[in-house]
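# Chains, contacts and geometry: an overview
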Amino acid sequence: MKQFGHLTLRTKLTLIIFGSMLTTIIILSSALIAQQIDTYNSQVGQEHAATAQMMARRVDAALLFNDTNALSEQLSALELKADTLAGCIYSADRELLAVYERDSSFRCPPEYSVQLRLIAPMIKASARVLSDKSTEGYVVLVGTTKQLNRNVKTSIITASSASLLVLVWSIFFSKVVR
């Protein structure tokens, strides 16, 4: 292979233009993927937080009367949300009262903790159940970010395809210009 100094001016310009185009595409693709990850994470977080708030408002009476059957029935509605792995309702004393678990990927801890540790790809949302400004209990939802992973893979494939298309196009264009 020839040293860069021994290449013709046309070849050097072609390589510089191609390199700058490819670098620009990689930077823009990376920025797009990072923006998509941030947007999706905030959307999923907001959606789970809103669902936890709605659930907290729906279970306040059942918590006041310590009706675990009604609490479990309310949590069973989470079956309709495919990205929700688990729902847990805790008393004001932080003990577990009702559980919904889609599968064994997440188990509700027996006692409520603000610092619930999750293994990626999971996201947590919680809400206090309030009655007359006092805390009656807590609702915790745990969801998955598998859709985010699929979106990121799709974006990477799209960005790679676009980069490859630009590469092929620039090679073709450089041969036409010669």
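For the structure given in this document, a descriptive report is provided here. (Residues numbered from 1 in each chain as written. Predicted model: local features only at pLDDT ≥ 70, side-chain atom pairs only at ≥ 80, totals over all residues. Heavy atoms only, no water.)

### Brief notes about the state of the cysteines
Applying the stated criterion to the full structure yields one disulfide. Residue pairing for Cys-88: its cysteine sulfur links by disulfide to Cys-108, the two sulfurs lying 1.8 Å apart. Between Cys-88 and Cys-108, the S-S torsion sits near -80°, and that sign places the bridge as left-handed. Of the two residues, Cys-88 is situated in strand β1 (residues 84-91) and Cys-108 in the loop between β2 (96-101) and β3 (122-131); the sequence distance between them amounts to 20 residues. Its relative accessible area of 1% is what places Cys-88 among the buried residues. (Disulfide = S-S within 2.5 Å. Helix = DSSP H or I, 4+ residues; strand = E, 2+ residues; numbered from the N terminus. Buried < 20%, exposed > 50% of the residue type's maximum accessible area, 1.4 Å probe, protein only.)

### What about unusual backbone geometry?
Here the phi dihedral of Asn-66 falls at roughly 55°; this positive angle occurs in a residue that is not glycine. The topology assignment puts Asn-66 in the loop between α2 (60-64) and α3 (68-76). A positive phi is found at Arg-94, a non-glycine position, where the angle reads about 70°. Along the polypeptide, Arg-94 turns up in the loop between β1 and β2.

### A closer look at the pairing of strand β4 (residues 134-144)
Burial analysis of β4 places eight of its 11 residues in the buried class, the great majority of the element. One ladder, built from seven bridges, connects β1 with β4; its direction is antiparallel. Residue pairing in the sheet places Ser-91 in a bridge with Gly-137 of β4. Bridging between β3 and β4 involves 10 bridges; their strand directions are antiparallel. Counted as the bridge partner of Arg-128 is Tyr-138 from β4. In textbook terms, the turn of a hairpin is the stretch between consecutive antiparallel strands, and for β3 and β4 this stretch comprises two residues, one of which, Asp-132, has a positive phi near 55°. (Pairing = 2+ DSSP bridges.)

### Looking at the pairing of β1
Taking burial as the measure, the eight residues of β1 include eight buried ones, the bulk of the element. Sheet topology note: the β1/β2 ladder contains five bridges and is antiparallel. Opposite Tyr-90, over in β2, you have Leu-96 as the bridge partner. What sits between the antiparallel neighbours β1 and β2 is a turn of four residues, in which Arg-94 has the positive phi angle 70°.

### Digging into the packing of aromatic side chains
A complete count under the given rule lists two aromatic pairs for this structure. When the centroid spacing of 5.5 Å and the interplanar angle of 55° are considered together, the rings of Tyr-90 and Tyr-112 count as tilted. You can see Tyr-90 sitting in strand β1 and its partner Tyr-112 sitting in the loop between β2 and β3, a full 22 residues away along the chain. Tyr-112 matches Tyr-90 in its accessibility class, with the two residues each being buried. Measuring from centroid to centroid gives 4.2 Å for Tyr-112 and Tyr-138, while their planes differ by 5°, and the two rings are stacked. Linking Tyr-112 in the loop between β2 and β3 with Tyr-138 in strand β4, this pair joins segments that are 26 residues apart in sequence. With respect to class, Tyr-112 is no different from Tyr-138; both count as buried. An aromatic cluster is present here, built from Tyr-90, Tyr-112 and Tyr-138 joined pairwise through their rings. (Phe/Tyr/Trp six-rings, centres within 6.5 Å; stacked < 30°, edge-to-face > 60°.)

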